[in-house]
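The chain contents come next:
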Amino acid sequence: AGPLAGAASPARCSAGALRLRLAAGPPAKTMQHPALFALVNRGANACELEGYPRIRLLSAGGTRYPFAYRDGGDQEVTASAPTRVALRAGATAWVLINKNTCVLNNHGRIAREIDLAPPGSGAFLHLPLASAQFGYDYCPSPDPGHRIEVSPVEPTVARTLSLAR
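The paragraphs below set out a description of the structure included in this document. (Residues numbered from 1 in each chain as written. Predicted model: local features only at pLDDT ≥ 70, side-chain atom pairs only at ≥ 80, totals over all residues. Heavy atoms only, no water.)

With respect to the packing of aromatic side chains
Inspection of every chain in the model, using the stated rule, returns four aromatic pairs. When the ring of Tyr65 is compared with that of Phe67, the centres are 6.4 Å apart and the planes differ by 80 degrees; the resulting orientation is edge-to-face. In this structure, Tyr65 and Phe67 share a single accessibility class: buried. Each ring, one from Phe67 and one from Tyr138, has its centre 5.1 Å from the other, and the planes form 80 degrees; the classification is edge-to-face. Residue Phe67 is located in the loop between strand E5 (54-58) and strand E6 (68-71), and its partner Tyr138 is located in the loop between strand E12 (136-137) and strand E13 (147-150); the two are separated by 71 residues in the primary sequence. By relative accessible area, Phe67 is classed as buried at 6%. (Phe/Tyr/Trp six-rings, centres within 6.5 Å; stacked < 30°, edge-to-face > 60°. Buried < 20%, exposed > 50% of the residue type's maximum accessible area, 1.4 Å probe, protein only. Helix = DSSP H or I, 4+ residues; strand = E, 2+ residues; numbered from the N terminus.)

Some words on unusual backbone geometry
Between Ser141 and Pro142 the backbone carries a cis peptide bond, its omega angle lying at 15 degrees. Here Pro142 lies in the loop between E12 and E13. Non-glycine residue Met31 carries a positive phi angle of around 65 degrees.

Structural notes on the pattern of salt bridges
Should their charged atoms come close, side chains of opposite charge can pair. In total, this model carries six salt bridges according to the counting rule given. A salt bridge links Glu149 to Arg70, with the nearest nitrogen and oxygen atoms 3.0 Å apart. Of this pair, Glu149 sits in strand E13 while Arg70 sits in strand E6, and the two are 79 residues apart along the sequence. The partly exposed category is assigned to Arg70, whose relative accessible area is 33%. Overlapping salt bridges bring together Arg70, Arg147 and Glu149 as one network. (Salt bridge = Lys/Arg side-chain N within 4 Å of Asp/Glu carboxyl O.)

Quick word on the state of the cysteines
What the rule picks out here adds up to two disulfides. Covalent S-S linkage joins Cys13 and Cys47, the inter-sulfur distance amounting to 2.0 Å. Given an S-S torsion of about 90 degrees, the disulfide between Cys13 and Cys47 has right-handed geometry. Placement of Cys13 in the loop between strand E1 (11-12) and strand E2 (18-23) and of Cys47 in strand E4 (residues 47-49) is noted, with a sequence separation of 34 residues between them. The exposure class of Cys13 is buried, given its relative accessible area of 2%. Residue Cys47 is classed as buried on the basis of its relative accessible area of 5%. Through a disulfide, Cys102 is tied to Cys139; the S-S separation comes to 2.1 Å. Residues Cys102 and Cys139 share a disulfide whose torsion about the S-S bond is about -85 degrees; that sign makes it left-handed. On the criterion of sequence distance, the pair formed by Cys102 in the loop between strand E8 (92-99) and strand E9 (110-111) and Cys139 in the loop between E12 and E13 is long-range, its members being 37 residues apart. An identical accessibility class is assigned to Cys102 and Cys139; each is buried. When the bonded cysteines of the chain are numbered from the N-terminus onward, they pair as 1-2, 3-4. (Disulfide = S-S within 2.5 Å.)

Considering the sheet that holds E1
Pairing in this open sheet of three strands is mixed, and the strands run E1-E4-E7 from one edge to the other. Edge positions in the sheet fall to E1 and strand E7 (85-87), since each has one partner strand and no second. Of the pairings in the sheet, the one linking E1 to E4 comprises two bridges and is parallel in character. Bridge pairing in E4 links Arg12 to Glu48. (Pairing = 2+ DSSP bridges.)

Structural notes on the environment of Arg147
As for its placement among the helices and strands, Arg147 is situated in strand E13. Each C-alpha atom, one on Arg147 and one on Ala28, is 16 Å from the other, the two residues being 119 residues apart in sequence. Residue contacts for Arg147: discarding those within four places in its chain leaves Ala68, Arg70, Asn98 and Lys99. Polar contacts involving the side chain of Arg147 include one to the side chain of Glu149, which spans 2.6 Å. (Contact = heavy atoms within 4.5 Å. Polar contact = N/O pair within 3.5 Å; in protein donor to acceptor, adjacent residues only side chain to side chain.)

Encoded structure:
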């Protein structure tokens, strides 16, 4: 079941109706680390998402790393404006995040958990991230690896990607 097309607007997807999972992302460009996340509608009814999610990256112990998050585009993430994504029960929407490699020493501070709040929701979905799948190192500003680029929620993986790819 894919996104709805041409139907009346369903209710906004609540965090409780969604499941977050890490998906196989696109091949990375030099010094880039894209990570693709799936938001699956596990509710019984259709719902919709529109906009950018809020992201928090944490250590394995739950310490929040103060990355700078930016909505809207780099060489991996789309700069396209958000659009409404309507999801049937069981359908998936996509979010891509990206960061540069840290140039300065990260002192072993690696993100091993993510909290993601769907657009318009105050509730976060929590996902532990296995070290083999994910490993964003934290580095303070002004290091280019300090910033995380975030895509809007999109109906397909292809729409999360930068047109410059």
